[in-house]
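Chain by chain, the residues run as shown.
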Amino acid sequence: MTILEHLQELRTRLIWCCLGLVIGVVISSILTNQFFDFLTEPFRDKAPRGADIITNKPLEGFTTYFKVALYGGFAIAMPVVVYQVLMFVLPGLTPQEKRWVLPVVVGIFASFLVGASFAFYIILPSALKYLLNLNPGGSRPLINIAEYINFVTRLVFWVGVTFQTPLIILALARFGLVTGRRLLGWWRYMIVVAFLVAAVVTPTPDPLTQTLVAVPLLVLYLVGVLLAYMFGRDRPRNRRWLTRR
């Protein structure tokens, strides 16, 4: 294909992606009230008596509703977007690279869903129980709806991203940038790194919530080390060969 033909195909793929996103937002806007009920369920379960979620600006309800509809539209349209990207990229890959594409894409989706579920069902209730019951002077928590939605979506998203650790390690190992033996030798440093990442990702300073994030990160790191041992490439040998030549 010529450059012009590639650009025309890219335009077609982008049109399909935009169309999928529009349809996804339309469907999501119909289900937004159900999304709100789902996102606020942990608050209702853990909030003390008298606590509530409020709006204190005239347009806040509308903008938050549209934001949740947009997030839901992205989630609904994601399979269409991924399919169009794959159809654009696959013709340029070698047969060996094509065999890796589907497992990697499935692994990315699966690990993100596991991480997001872990954040929503385990970390979020623990964090809300700590935060909502920490009321100095007997104050009553009245949480702004926009801030609550941002709080939940950021937590779920970033914990889902951190669950990509094994796939990132696998990619580095396949390129020969790291080896399983070297990664295993870094386990002491990874304990410190895992708790630092947990301190940044989790919204509460209590050690229990941070441990709930740090321990799975260490387990994911060990899974990545195992994948590096199984599928990594021995690049140092290739570099020595290039040096001798």
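As the structure is a computational prediction, the values presented were derived from the model and not from experiment.

In terms of regular secondary structure, the protein is built from 10 helices and two strands. Along the protein, helices (α) and strands (β) appear in the sequence α-α-β-α-α-β-α-α-α-α-α-α when read from the amino end. A compact globule built from 245 residues should have a C-alpha radius of gyration of about 18 Å, whereas the protein, at 22 Å, is more than 25% larger. Expressed along its principal axes, the backbone C-alpha trace of the protein runs to roughly 75 × 50 × 20 Å. Every one of the 245 residues in the protein was classed for burial, and the buried ones make up 33%. Taking the contacts inside the protein whose residues are at least 6 apart along the sequence as the reference set, 85% of them involve residues at least 24 apart.

Tallying each qualifying case throughout the model produces one salt bridge. A salt bridge links Arg-13 to Glu-9, with the nearest nitrogen and oxygen atoms 3.5 Å apart. Pair noted here: Arg-13 and Glu-9 are both in helix H1 (residues 3–30), with a separation of four residues, about one helical turn. The class for Arg-13 is partly exposed, based on a relative accessible area of 21%.

Turning to the packing of helix H6 (residues 165–174) against helix H9 (residues 207–231), a few remarks are in order. Here H6 crosses H9 at 30°, and the two axes come no closer than 8 Å. In terms of their interaxial angle, H6 and H9 are classed as roughly parallel. Handedness of the crossing formed by H6 with H9: right-handed. Residues Thr-165, Pro-166, Ile-169, Leu-170, Ala-173 and Arg-174 of H6 touch H9, and the partners they reach there are Leu-217, Leu-220, Tyr-221, Val-223, Gly-224, Val-225, Leu-227, Ala-228 and Phe-231. Class assignment for the residues of the contact of H6 with H9 results in 12 nonpolar, two polar and one charged.

Time to look at helix H2 (residues 32–46). In this model, H2 (15 residues) spans 22 Å end to end at C-alpha, consistent with the 21 Å of a helix rising 1.5 Å per residue. Of all the bends in H2, the largest measures some 40° and sits at Thr-40, one to four residues before the proline Pro-42. Within the sequence span of H2, burial applies to Thr-32, Phe-36, Leu-39, Thr-40, Pro-42 and Phe-43.

What follows deals with the packing of aromatic side chains. Applying the stated rule across the entire model yields seven aromatic pairs. Here Phe-157 and Trp-158 contribute two aromatic rings whose centre-to-centre distance is 5.1 Å and whose plane-to-plane angle is 80°, an arrangement assigned as edge-to-face. Judged by its relative accessible area of 45%, Trp-158 falls in the partly exposed class. Through pairs of rings, three or more aromatic residues link up here, namely Phe-38, Phe-120 and Tyr-121.

Further remarks concern the nonpolar core. Ranked by internal contacts, the top residues of the largest apolar core, which has 29 residues, are Leu-124, Leu-128, Ile-149, Val-152, Leu-155 and Val-159. Elements that contribute at least two residues to this core include exactly H2, helix H4 (95–132), helix H5 (145–162), helix H8 (187–201) and H9. The residues contacting Ile-149, other than those within four sequence positions of it, are Phe-36, Leu-39, Thr-64 and Val-68. Ile-169, Leu-183, Met-190 and Tyr-221 belong to the second-largest nonpolar core, a separate cluster that totals eight residues.

With 91% of its residues at a pLDDT of at least 70, the protein reaches an overall mean of 82. Put simply, helix H10 (residues 235–244) is where the protein has its lowest mean pLDDT, 43, and H2 is where it has its highest, 90. With pLDDT under 50 throughout, residues 236–245 is counted as low confidence; its partners more than four residues away or in other chains account for one contact.

Moving on to a nonpolar patch on the surface. A grouping of Trp-16, Leu-19, Val-22, Ile-23, Val-26, Ile-27, Ile-30, Leu-31 and Ile-76 is seen on the molecular surface, where their side chains present a nonpolar patch of about 800 Å² in accessible area. Among the secondary structure elements, Ile-23 is positioned in helix H1.

Here we come to the environment of Leu-128. With respect to the helices and strands, Leu-128 occurs in helix H4. Residue classification places Leu-128 among the buried residues on the basis of a relative accessible area of 4%. Along the chain, Leu-128 and Ala-47 lie 81 residues apart, while their C-alpha atoms are 7.4 Å from each other. Residues in contact with Leu-128, not counting those within four places in the same chain, are Pro-42, Phe-43, Lys-46, Asn-133, Tyr-148 and Phe-151.

Secondary-structure assignment places Leu-19 in helix H1. Separated by 61 residues in the primary sequence, Leu-19 and Val-80 place their C-alpha atoms 9.3 Å from one another.

About the criteria used
Throughout, residues of each chain are indexed from 1 in the direction in which the sequence is written. Whole-chain, interface and lining totals are the exception, using all residues; otherwise, since this is a predicted model, local features are given only for residues with pLDDT of at least 70 and side-chain atom pairs are given and counted only at 80 or more. Excluded from the side-chain calculations are hydrogens and water; all other atoms, namely the structure's heavy atoms, are used. Put simply, DSSP marks the helices as runs of H or I at least four residues long and the strands as runs of E at least two long, and each gets a number from the N terminus on. For this measure, only C-alpha atoms enter the radius of gyration; the expected value for a globule follows 2.2 Å times N^0.38, where N is the number of residues. Type-normalised accessible area, obtained with a 1.4 Å probe on protein chains alone, sets the label of each residue: buried when under 20%, exposed when over 50%, and partly exposed for intermediate values. Any pair of residues with heavy atoms lying within 4.5 Å of one another is described as a contacting pair. By convention in these notes, a salt bridge is any Lys or Arg side-chain nitrogen within 4 Å of a carboxyl oxygen on Asp or Glu. Structural elements are reduced to axes, namely lines fitted to C-alpha atoms, with helices fitted over the stretch in contact, and the angle between N-to-C directions of any two is expressed from 0 to 180 degrees. Should an angle fall under 35 degrees it is called roughly parallel, over 145 degrees roughly antiparallel, and 65 to 115 degrees roughly perpendicular, with every other angle called oblique. Crossing handedness: left-handed means the near helix sits turned counterclockwise from the far one by under a right angle, and right-handed means the same turn made clockwise. Only Asp, Glu, Lys and Arg are considered charged, only Ala, Val, Leu, Ile, Met, Phe, Trp, Tyr, Cys and Pro nonpolar, and every remaining residue, Gly among them, polar. Expected helix span is computed as 1.5 Å times (number of residues minus one). One fitted axis covers the seven residues ending at a residue, a second covers the seven starting there, and the bend at that residue is the angle between these axes. Pairing of aromatic rings covers Phe, Tyr and Trp, the last counted by its six-membered ring, and requires centre-to-centre distances within 6.5 Å; plane angles under 30 degrees mean stacked, over 60 mean edge-to-face, and any other angle means tilted. Only buried Ala, Val, Leu, Ile, Met, Phe, Trp, Tyr and Cys residues count toward a nonpolar core, and they belong to the same one when joined by side-chain atoms within 4.5 Å. Known as pLDDT, the predictor's per-residue confidence is scaled from 0 to 100. Surface patches are drawn from residues lacking salt bridges whose relative accessible area is over 30%; two like charges belong together within 9 Å, two nonpolar side chains (Val, Leu, Ile, Met, Phe, Trp, Tyr) within 5 Å. With residues, only the protein chains shown are counted as cover, and all accessible areas are computed by Shrake-Rupley using a 1.4 Å probe.

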